[in-house]
Amino acid sequence: MNYEYMSPSEVRHLIREGKITSQTSGMCRGFAQANLCILPKEYAYDFLLFTQRNPKPCPVLEVTDVGSRAMPLLAKDGDVAKDFPKYRIWQNGILTDEVTDIEAIWRDDFVSFLIGCSFSFEGELLDADVPVRHIEEGKNVPMYLTNILCRSAGIFHGNTVVSMRPIPAGKIARAVTATAAVPRVHGAPIHIGDPAQIGIHDLSQPDFGDAVTIHPGEVPVFWCCGVTPQAAVMAAKPSLAITHAPGHMLITDLKNSSLKE
C-alpha cells in the first residue's frame, strides 16, 4: 500500500492497530516526523540539557508532561506508547527488546522527548529534484556513528549519529539549500564527501538502517540524525530508556512548511 498521501491520523491509526510496523520514510509527504526518547523523570533534566547543548542532532519538537502519553503539539489524538511502529527498550545501556507497543510497561514517571527527524525534509529534497535513494530502493536510510563528539550534559555523552544520502555532485547546492531551511529537523548537512573524515570507514556497513546504492558521479552527504540520543543512552547507561527503532518514526500533524525559518 502507498502511504505517501495518507493523512497522519490515518497512518497513526494503522500503526496503533499493528497494521504498519515498517520504517516510515516517504509516508504522509509534507508532514513532519519525529524521533523518540523516553526516560524516567530522574534522568529527564540531564537529557533536556543534552538536547539543548546539541540542537543540531537533537532538535526538540515537544516534551511531554511527566507520566503523560499525550503529544498535544504534534498529534492531537496521539499516544506516545502506541503511535511509533517499533520501539526499543534499553536497560543499563543494553538493548533488551524491540516491541510495537509499550502500553504494558508504561510508568507514571516517564518523560517523553520528541525530536526532529530528517525524514521530514525529504519532501523538500524531492521538490528540488534531488533524489532520495533509500526511498527509491524501498529501504531505511543508512545511519552511521561518527567521531564527532556531542557536548556532554549530566550523565549523557557520546558521539553524533548521521544519516547519509548520495547526491549527484551537480545537485548538492540544491540539497544544502532545501534542508538548511528546516533547522528544526536537523537543517543543512554536517559533512559532505569523504566519510573517513568523520570516522566512517565503510558506507556499505551502516550502524543503523540499510546500505544504499551510490552511483558514479554521486557524493555522500551526511546530516545529523535523531538516533544520536540512542548513542547517548548506550554510553550513559540509565537504568531504563525507551526509544524508537531507527527509521520507525511518529508521523506528526505538523506541516514541514511550519518548521521553516
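Below: a short report on this structure. Owing to the predicted nature of the structure, the values given are computational and were not obtained by experimental measurement. (Residues numbered from 1 in each chain as written. Predicted model: local features only at pLDDT ≥ 70, side-chain atom pairs only at ≥ 80, totals over all residues. Heavy atoms only, no water.)

Some details on the overall build of the chain
So, step 1. Counting secondary structure elements, the chain contains six helices and 11 strands.
So, step 2. For the chain, the C-alpha radius of gyration of 17 Å lies close to 18 Å, the compact-globule estimate for 261 residues.
So, step 3. Across its three principal directions, the C-alpha atoms of the chain cover 50 × 40 × 35 Å.
So, step 4. Buried residues in the chain amount to 55% of all 261 residues.
So, step 5. When contacts within the chain are restricted to residue pairs at least 6 apart in sequence, those whose partners lie at least 24 apart make up 77%.
So, step 6. Taken as a whole, the chain presents about 10,500 Å² of accessible surface, with 51% of it coming from carbon and sulfur.
So, step 7. Taking the average place of the 23 positive charges on the side chains of the chain and the average place of its 29 negative ones, the gap between the two points comes to 3 Å. (Helix = DSSP H or I, 4+ residues; strand = E, 2+ residues; numbered from the N terminus. Rg over C-alpha atoms; globule rule 2.2 N^0.38 Å. Buried < 20%, exposed > 50% of the residue type's maximum accessible area, 1.4 Å probe, protein only. Contact = heavy atoms within 4.5 Å. Areas by Shrake-Rupley, 256 points an atom, 1.4 Å probe, with all protein chains shown as cover. Lys, Arg positive; Asp, Glu negative; His and termini not counted. Charge placed at Lys NZ, Arg CZ, Asp CG, Glu CD.)

Structural notes on the nonpolar core
So, step 1. Counting residues in hydrophobic clusters, the biggest one holds 34 residues, and the most contacted among them are I38, I102 and L114.
So, step 2. Elements with a minimum of two residues in this core: β1 (31-40), β3 (87-91), β5 (110-116), α5 (172-180) and β9 (218-224).
So, step 3. It is β1 that provides the largest number of residues to this core, a total of four residues.
So, step 4. In contact with I38, other than residues within four places in its own chain, are V80, I102, W106, F110, V111, S112, A241 and I242.
So, step 5. If you look at the next biggest cluster of nonpolar residues, it comprises 18 residues, including A44, F47, C58 and V111. (Core = buried A, V, L, I, M, F, W, Y, C linked by side-chain atoms within 4.5 Å.)

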